[in-house]
Structure formats: structure tokens, C-alpha cells
Amino acid sequence: MLDIKLIRENSATVQARLNLRGEYDLQPILTLDEQRRQLEQERVVLQTRSNDIGKLVGDKIKSGCDPKGEEIKALREEGQQIKIKLSELEPKEKEIDAQINQLLLPIPNLPSESTPVGKDERENLEIRRWGDKYIPTNPNILHHADIGEKLNILEFKQAVKVAQARFVALKGAGAALERALIQFMLDRHTNNGYLEVIPPLLVNSTSLTATGQLPKFAEESFKCDADDLWLIPTSEVSVMNLYRDEILEAEQLPIYHCSYTPCFRREAGSYGRDTRGLIRLHQFNKVEMVKLVHPDSSEAEHEKLVQDAEGVLQALKLPYRVIELCTGDLGFSAAKCYDIEVWLPSAGTYREISSCSNVRDFQARRANIRFKEAGKKGTQYIHALNGSGLAVGRTMAAILENYQQPDETIRIPDVLQPYLRREIL
Ligand SMILES: Nc1ncnc2c1ncn2[C@@H]1O[C@H](COP(=O)(O)OP(=O)(O)OP(=O)(O)O)[C@@H](O)[C@H]1O
Ligand SMILES: N[C@@H](CO)C(=O)O
């Protein structure tokens, strides 16, 4: 959530930066904020007069004025009227606060100053590439769905019967490879100082609002019918919300978490896109990295987060590139975002496998996550970062293609062999 004080005091700058992301009109918020401030001023004036009257009545009685006389009666009557007005003002202020809040919730984060300006994904910037030398030279590589079915490790038809399109069942070595990938990713992150969490897979609406999926993107998540519970689209939601409404000590920061969970997405706007294979499913596994950090270090922490995600691909020797998203392509909560795209030989292209964002204080304001620092008055909002480290299904797809041998077997990446106790699939 954007800071209302920032909007009030720098409305032109905030509006200009929001315009880099799309169309958002701050005027209704500014109008309500002005009304709210007028009510506040009115309340302060009335409160002061009410205090003065109380004091005046006391002083006058002390100096001999008749407590039942006309003068005291008139003052008491005025005091009574003020109390009635004050009691009417309070709910009005609360109502306007609630309206401002409702208008702020669908407004996205401001892009960072260093984010490249652009309309959409065509204006994203390629930052670097890694692993060109590992790009396979075999021109006949099968799509991962085809080789997966041939090897009897990916089962799409049966999964569709059980659920619907965009589901998969992993069998035998496929299930083992998925588990090995999850374990390998978690081991790397925990060795790098991330504390593992297994969080709830169902979250309430307050949690989804805190991380930014609600109210705007309700149609992208699955909701349980009878309860106020949703299946998580990413474990960023559950992990961030563990800290909702908490005040941390500065010494507790930075907090690094990693978590493996299934993720559930309705993919409402993806009709007809990526209908084959593991790229776009309603349920997929992801190892997530989440950081809660001091605002001064969030930029450096962001660079380290991307390196941690890249490290997984480098260890697996999967070729990739890093893209910096332009202002028009940023996710709702992100101030700055790098996507990592892995090479998929069957398509002859790079496909997104990880998204690493610095959301700065945007989620902390919605979730009310603050910290206290010695020598500073009051509390400050933490900065938060999240990144996929990595999406497991897309990693499996990349391995089934990049490690495919001419005899249609799959070589297991060296770092996974100890987990699987085999070299070939
Ligand atoms: N429906 C899905 N099925 C499988 N993996 C997914 C799916 N959606 C996202 N992912 C993976 O999870 C990562 C984090 O999710 P994110 O919200 O950044 O995806 P996204 O930007 O919606 O992806 P895309 O642009 O491909 O739709 C992505 O980088 C991707 O690797
Ligand atoms: N939580 C982030 C990174 O994985 C996302 O889903 O995009």
C-alpha cells in the first residue's frame, strides 16, 4: 500500500511514477484525504473549545459565580452541543479512513527509480546470460511432455480425468526427480542462511490482501466455497503473513526464509496459452525465498536474492538469462523485479523460471510489519523481497529437454545424482 502522507505531500511525483505503470487516478484519494483533514481540524478546534469551557466553568464557580446562574448554564449548554458534534465527527472520520483504504488497496507499488521505463514485456531489458556452452546441439530434442510420457514419468491424461486440464501426475522416476529437485533447492538455500518453513497452504482473505493478491486479483486464486480460505498462489503469501501485525527488533533483521509448497493458480487470463506440458498448470511446486530486511539494505539484498536463484540453475548447468522488468510489466507489489528465464530447447527459446522482486515497504504497510531501531523514535516498516528459487515443474521441464540424450534417455545433472542415486532416467 502506498503511504498516504507521500501521496498528499508529493501527489504530482507519485502520479507521474504511477503513470509509468498504467492508468491510476489519485484524485479521488486526494479529495477524500482533504475532507478527512478538514474534519480533523474541525475536531481539534471543537476539542480545544470543549477543554476551555470546562476550565472556564471551574474558574468562574471558584471566583463566586452562581453554578445555577445563566452564564454557567449557557457555557454548559455550549459544552453539551460540542460533545454531540464531536461524537458525530468520529464515525465520519473513520468512514473516510475506510474509504481511503479501499481506494488505496488496488493501487500498485511505485516502480523504483532504477526500473527501466517501458509499456510492456517487449521493453524489458536483458541484463546477462549464463551457460551458452551448455545449450544442447542435438536438433531433435523432444518437447518435455512427449519425452515425459514416453518415459512413463509424466501422466497428463489420467490427471485431467482426476481434476481437469492443466494438471499432471508424476510417476516413478518423475516423482523421485521432483522430490530430488525440491530437496536439492532447499539444501542450497538453507546452506545459504535461509530458514526453512512449511507454512499453511490455505490462507484467509486478510493474508491475501496483505501481500497484494486481493482485492484486485481474486479471480486468479482458488477460493474454498464455505470458508474464508484460499489456496495459496505462492508461499510468499503464507510466509510473509507469519509476520503480520508484528513489531520486530532491528537485530532480528534480516530474516531469510525458504519454503517448498505446491502453488495453485486459476490462470484465468491464460486461455489457450501453454496448454501442453508443465509450463502452466493449476497446481505446481515451487521453492520460494522470502526476505524481511532493513530498508537500507533492500537493494543489495535484492541482488543477492537473484544470485541465489541463479545459483540453483548454475549448479544444475541449465542455460539462462536474467531480464529486468520494465515499469509497465512489473507485478502489482513490486518496485523492482528480475525474471530469470531458462533455455527450453524444444521451443528454441528462454522461458521464465523465477521472478525475484523487491517490494520495499509496500507489503509491510498492508500487513503492518514494523521494526524498532535503537536511537530512532517510533517504528519503521520493514522492506520485503521474494523470489522463486525455483519453480520446480519448469525446472523439471528444462532438465527433460536440456539433458535429453540422442537415445531418448535423460542424463541426471551431476548435483542431483546423490539425491536420486542414478545417472540416467
Ligand atoms: N501456472 C504455472 N504453472 C507452473 N509454473 C508456474 C505457473 N505460474 C508461475 N509459474 C512459475 O512460478 C514462478 C513465479 O510465479 P510468477 O507469479 O512470477 O509467474 P508469472 O509471472 O505469472 O509467470 P508467467 O509470466 O509465465 O505467467 C514463475 O517464474 C514460473 O516459473
Ligand atoms: N512469489 C513470487 C516469486 O516466486 C511469485 O510468485 O512470483
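Worth saying up front: this structure is predicted, and the values here are computed from it rather than measured.

**Focus on the sheet that holds strand β13 (residues 370-372)**
Thought 1: On the basis of which strands lie adjacent, the open sheet formed by 3 strands has the order β7-β13-β14 and mixed pairing. Of all strands in the sheet, those with a lone pairing partner are β7 (247-249) and β14 (380-381), marking the two edges.
Thought 2: Across 3 bridges, β7 lies against β13 in parallel orientation. Directly across from Leu248, in β13, lies its bridge partner Phe371.

**Quick word on the UniProt feature "binding site: L-serine" (unreviewed entry) in the protein chain**
Thought 1: In the numbering adopted here, UniProt assigns the feature "binding site: L-serine" (unreviewed entry) to Thr234, Ser235, Glu236, Arg265, Glu288, Asn386 and Ser388.
Thought 2: Relative to the elements of secondary structure, Thr234 occurs in the loop between β6 (230-231) and α9 (235-241).
Thought 3: Under the relative-accessibility criterion, Thr234 is labelled buried at 6%.
Thought 4: Leaving out residues up to four positions away in the same chain, Thr234 has contacts with Gln213, Cys263, Arg265, Lys286 and Glu288.
Thought 5: Relative to the elements of secondary structure, Glu288 occurs in strand β9 (residues 283-293).

**Considerations on the site of ligand 2**
Thought 1: Contacts to ligand 2 come from Thr234, Glu236, Arg265, Lys286, Glu288, Ser355, Asn386, Gly387 and Ser388.
Thought 2: Here a nitrogen atom of ligand 2 sits 2.6 Å away from a polar atom, N or O, in the side chain of Glu236.
Thought 3: Asn386 places a polar side-chain atom, nitrogen or oxygen, 3.4 Å from a nitrogen atom of ligand 2.
Thought 4: Protein chains bury 84% of the 240 Å² of accessible surface belonging to ligand 2 in isolation.
Thought 5: Of all elements in the fold, only β9 and β15 (383-391) reach the threshold of two or more residues within the shell around ligand 2.
Thought 6: A per-element tally of the shell around ligand 2 places β15 first, with 3 residues.
Thought 7: Looking at the shell around ligand 2 residue by residue, the class counts come to no nonpolar, 5 polar and 4 charged.

**Structural notes on the site of ligand 1**
Thought 1: As a matter of local geometry, ligand 1 sits amid 15 residues, with Arg265, Glu267, Arg280, Leu281 and Glu352 nearest to it.
Thought 2: One of the side-chain nitrogen or oxygen atoms of Arg394 is found 3.1 Å away from an oxygen atom of ligand 1.
Thought 3: Across the complex, the protein chains shield 79% of the 590 Å² of accessible surface that ligand 1 would expose by itself.
Thought 4: Contributing elements (two or more residues each) for the shell around ligand 1: β9, β12 (349-360) and β15.
Thought 5: In terms of residue count, the dominant contributor to the shell around ligand 1 is β12 (4 residues).
Thought 6: When its residues are assigned to classes, the shell around ligand 1 shows 6 nonpolar, 3 polar and 6 charged.

**Examining the sheet that holds β15**
Thought 1: Taken in spatial order, the 8 strands line up as β1-β10-β11-β12-β15-β9-β8-β4 in an open sheet, and their pairing is mixed. Edge strands, defined here as strands with exactly one partner in the open sheet, are β1 (125-130) and β4 (195-196).
Thought 2: Strand direction decides the pairing type here: β9 and β15, joined by 7 bridges, are antiparallel. Counted as the bridge partner of Met289 is Gly387 from β15.
Thought 3: Along the sheet, helix α7 (residues 173-191) contacts β4, β8 (255-264), β9 and β15; its crossing angle with β9, the most-contacted strand, is approximately 5°.

**Comments concerning the packing of aromatic side chains**
Thought 1: Inspection of every chain in the model, using the stated rule, returns 7 aromatic pairs.
Thought 2: Taking the centre distance of 6.1 Å and the plane angle of 75° together, the rings of Phe184 and Tyr419 count as edge-to-face. You can see Phe184 sitting in helix α7 and its partner Tyr419 sitting in helix α13 (residues 417-420), a full 235 residues away along the chain.
Thought 3: What makes Phe184 buried here is its relative accessible area of 5%.

**Side note on the side chain of Thr409**
Thought 1: Following the sequence through the fold, Thr409 ends up in the loop between α12 (392-402) and α13.
Thought 2: Within the structure, the side chain of Thr409 is placed 2.6 Å from the side chain of Asp407, a separation counted as a polar contact.
Thought 3: Thr409 has contacts with Tyr403, Gln404, Ile424 and Leu425, leaving out every residue within four places of it along the chain.

**Looking at the pattern of salt bridges**
Thought 1: Across all of its chains, the model carries 33 salt bridges by this definition.
Thought 2: The salt bridge involving Lys5 is made with Glu9; its shortest N-O contact spans 4.0 Å. Remark: Glu9 and Lys5 occur in helix α1 (residues 4-9); sequence separation between them is 4 residues, near one turn of the helix.
Thought 3: When its relative accessible area of 45% is taken as the criterion, Lys5 is described as partly exposed.
Thought 4: A salt bridge links Arg8 to Asp33; its shortest N-O distance comes to 2.7 Å. One end of the pair, Arg8, is in helix α1; the other, Asp33, is in helix α3 (residues 27-62), and 25 residues separate them in sequence.

What counts and what doesn't
- Residues numbered from 1 in each chain as written.
- Chains lettered and ligands numbered in written order.
- Predicted model: local features only at pLDDT ≥ 70, side-chain atom pairs only at ≥ 80, totals over all residues.
- Heavy atoms only, no water.
- Pairing = 2+ DSSP bridges.
- Helix = DSSP H or I, 4+ residues; strand = E, 2+ residues; numbered from the N terminus.
- UniProt positions renumbered as here; feature names shortened; annotations may be inferred.
- Buried < 20%, exposed > 50% of the residue type's maximum accessible area, 1.4 Å probe, protein only.
- Contact = heavy atoms within 4.5 Å.
- Near = heavy atom within 4 Å.
- Polar contact = N/O pair within 3.5 Å; in protein donor to acceptor, adjacent residues only side chain to side chain.
- Areas by Shrake-Rupley, 256 points an atom, 1.4 Å probe, with all protein chains shown as cover.
- Nonpolar A, V, L, I, M, F, W, Y, C, P; charged D, E, K, R; others polar.
- Axes fitted to C-alpha atoms, helices over the stretch in contact; angles between N-to-C directions.
- Phe/Tyr/Trp six-rings, centres within 6.5 Å; stacked < 30°, edge-to-face > 60°.
- Salt bridge = Lys/Arg side-chain N within 4 Å of Asp/Glu carboxyl O.

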